[in-house]
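Structural overview
One letter stands for each residue in the lines below.
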Amino acid sequence: MTTIFLFCALVGGTIMLCQFVLTLLGLGGHDLVDAGHGGLDLDHDVGPDVAHDAEGHGHGMGEAQGEDNAHQHSSTWLFGVITFRTLVAAITFFGLAGMAARSAELSLVNQLLIGLACGIGAMYLVHWLMSLMYRLSEDNTVRINRAIGREGMVYLPVPAGRTGPGKIQLRLQGRMMEYEAVTAAPANLPTGARVVVVGVVGGHVLEVAPAEMQAVAATEA
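Overview of the structure. (Residues numbered from 1 in each chain as written. Predicted model: local features only at pLDDT ≥ 70, side-chain atom pairs only at ≥ 80, totals over all residues. Heavy atoms only, no water.)

Right, let's talk about the sheet that holds strand S1 (residues 151-156) for a bit. On the basis of which strands lie adjacent, the closed barrel formed by five strands has the order S1-S2-S3-S5-S4 and mixed pairing. Strand-to-strand twist of the sheet, defined as the mean angle between neighbouring strand axes without regard to direction, takes the value 55°. Direction of pairing for strand S4 (residues 194-201) relative to strand S5 (residues 205-210): antiparallel, over a ladder of six bridges. Across the sheet, the residue bridging to Val195 is Pro210, located in S5. (Pairing = 2+ DSSP bridges. Helix = DSSP H or I, 4+ residues; strand = E, 2+ residues; numbered from the N terminus. Axes fitted to C-alpha atoms, helices over the stretch in contact; angles between N-to-C directions.)

Structure representation (structure tokens):
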């Protein structure tokens with residue numbers, strides 16, 4: 001078993017080191033995305049099945065189908081945890097823990113149990129860390145589409161009739177952001193005017209309308 005433990009520790013540790021270096025170089029970002037999307041895909045995969053099971057309850061099959069759905073949910077979640085990165089971590093810590101247990105002169109069974117426990121623990125820990133990093137990365141990315149419907153203030157005058165861009169400031173995802181903006185309003189929007197974002201033009205330019213006009217339109221609707 002010493003050879004197996006040593007092989008797992010060396011091979012797994014080498015791959016983990018390479019992954020770490022690639023991540024520092026910005027070449028391992030897809031692993032982070034895959035880890036984060038595991039939970040999202042789970043919702044899409046399970047959702048239709050849950051709905052299908054709910055319909056089956058009316059036909060006297062609710063209890064059996066509920067058990068099947070719970071089993072499928074746990075299985076899908078398990079496969080969501082298993083990625084190349086988490087498997088590498090599991091193999092590495094299986095080898096390291098096994099070698100430590102063998103150095104302590106524990107029995108073969110205890111060596112295997114300790115190695116498996118540490119390997120599974122490392123796999124779930126890495127999965128949790130990657131999911132956390134993905135969520136933090138996603139939360140810190142300001143999405144301009146979320147500006148639609150929000151109110152802001154004109155920073156640089158916005159010409160009327162979409163004849164040119166001005167600039168506005170608004171709070172988006174907890175930050176004070178500044179964007180170029182155009183307007184279809186018949187009059188220029190001066191500095192300090194309150195506006196409402198009604199659309200996104202060209203990916204990074206917002207279309208705005210005077211807040212008063214939007215309030216009147218909402219009242220008439």
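Picking up where we left off.
Once that is clear, we can look at the nonpolar core. Ranked by internal contacts, the top residues of the largest apolar core, which has 16 residues, are Val154, Ile168, Leu170, Tyr179, Val197, Leu206 and Val208. Of all elements in the fold, only strand S2 (166-172), strand S3 (175-183), S4 and S5 reach the threshold of two or more residues within this core. (Core = buried A, V, L, I, M, F, W, Y, C linked by side-chain atoms within 4.5 Å. Buried < 20%, exposed > 50% of the residue type's maximum accessible area, 1.4 Å probe, protein only.)

Moving on: the pairing of S3. Relative to S3, S2 runs antiparallel, the two sharing seven bridges. By the bridge assignment for S3, Ile168 is matched with Tyr179. If you look at the hairpin formed by S2 and S3, you'll find two residues sitting between the two strands, and Gln173 has a positive phi there, around 55°. In this sheet, S5 lies alongside S3 in parallel orientation, the contact comprising four bridges. Residue Ala181 lies in a different strand from S5, and its bridge partner there is Leu206.

Now for the environment of Val195. Along the chain, Val195 turns up in strand S4. Once the C-alpha coordinates of Val195 and Glu207 are considered, the two residues, twelve residues apart in sequence, prove to be 9.7 Å apart. Beyond its immediate sequence surroundings of up to four residues, Val195 is in contact with Arg150, Glu151, Gly152, Met153, Val154, Ile168, Leu189, Val208, Ala209, Pro210 and Ala211. (Contact = heavy atoms within 4.5 Å.)

Overall, the coordinates contain three salt bridges when judged by the stated rule. For Glu151, the salt bridge identified is with Arg194, shortest N-O distance 3.2 Å. Of this pair, Glu151 sits in strand S1 while Arg194 sits in strand S4; the two residues are 43 residues apart in sequence, bridging distant segments of the chain. Among the ionic pairs, Lys167 bridges to Glu178, the shortest N-O distance being 3.5 Å. With Lys167 in strand S2 and Glu178 in strand S3, the pair connects residues that are eleven residues apart, well separated along the chain. Using a relative accessible area of 38% as the deciding quantity, one classes Glu178 as partly exposed. (Salt bridge = Lys/Arg side-chain N within 4 Å of Asp/Glu carboxyl O.)

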